[in-house]
Amino acid sequence: MTVAFPENIFLVGLMGAGKSTVGRILARRLSKRFVDTDHEIEKRNGVTIPVIFEIEGEEGFRRREQELLADLAQEQGLVLSTGGGIVLKSENREVLRNHGFVVYLNARPELLADRTKHDRSRPLLNVEDPLTRLRELHAVRDPLYREVAHAVVETGRGAPQQVVQAILAEI
Ligand code: S3P
């Protein structure tokens with residue numbers, strides 16, 4: 001689907017798909033403001049995501065994420081890199097779909113595991129076997145990302161600039 005000059009661009013996909021790196025470059029290219037939901041949650045709450053998970057559990061984090069998305073969706077001219085689990089709530093999927101052009105950055109779980117292997121900031125990957133966890137998350141969420149997306153971009157081992165080009169070709 002093609003939307004002419006979409007005001008907001010929302011990037012969705014699993015952890016390690018490159019949403020933040022790609023989003024930052026894309027925002028610069030389109031002269032839009034870049035926001036990363038995880039970073040914004042940390043900024044607004046003054047604590048890290050692992051601490052939010054520790055104190056309030058995933059449920060508390062999801063509530064804060066939903067509130068933030070509802071808030072940011074009122075803005076225009078954003079490139080928003082979203083947390084990988086944002087599509088779990090149907091309310092969020094509706095907000096995303098209705099307030100911007102949604103791009104799903106897809107990647108194979110093996111690649112995602114490789115990209116996130118030294119990262120301790122993602123509580124859901126603090127498990128013995130992150131690859132199995134990522135395979136499970138991919139199986140559950142891939143249909144949800146596809147449901148909400150206006151465009152799907154396959155990301156491989158190529159440079160972020162190539163992914164940006166692929167997105168620009170879709171919008
Ligand atoms: C999560 C992804 C993370 C962050 C949180 C939960 C998920 O964001 O929101 O750790 O459920 O997939 P990134 O996708 O930016 O890593």
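Residues numbered from 1 in each chain as written. Predicted model: local features only at pLDDT ≥ 70, side-chain atom pairs only at ≥ 80, totals over all residues.

For the protein, the name recorded in an unreviewed UniProt entry is Shikimate kinase, with Fluviibacter phosphoraccumulans as its organism. In its Subunit (unreviewed entry) section, the UniProt entry covering the protein states "Monomer." Taken from UniProt, the Sequence similarities (unreviewed entry) comment for the protein reads in full: "Belongs to the shikimate kinase family." (UniProt positions renumbered as here; feature names shortened; annotations may be inferred.)

Before going further, it helps to spend a moment on the UniProt feature "binding site: Mg(2+)" (unreviewed entry) in the protein. Following the UniProt record, the feature "binding site: Mg(2+)" (unreviewed entry) maps to S20 here. Topologically, S20 is positioned in helix α1 (residues 19-30). Its 17 C-beta neighbours within 10 Å are what place S20 among the partly exposed residues. Among all residues touching S20, those that are not within four sequence positions of it are D36 and S81. (Helix = DSSP H or I, 4+ residues; strand = E, 2+ residues; numbered from the N terminus. Buried ≥ 20, exposed ≤ 12 C-beta atoms within 10 Å, placed from the backbone. Contact = placed C-beta atoms within 7 Å.)

This part is about the nonpolar core. In terms of nonpolar packing, the biggest core is built from 36 residues, with L11, V12, L26, V102, V103 and L105 touching the most fellow members. Broken down by secondary-structure element, the contributors of at least two residues to this core are β1 (9-12), α1, α3 (49-72), β3 (78-81), α4 (90-99), β4 (101-106), α6 (130-148) and α7 (160-170). Of all the elements, β4 adds the most residues to this core, at five residues. Not counting chain neighbours up to four residues away, the residues in contact with V102 comprise F10, V12, L96, R97, V148, A149 and H150. (Core = buried A, V, L, I, M, F, W, Y, C linked by C-beta atoms within 7 Å.)

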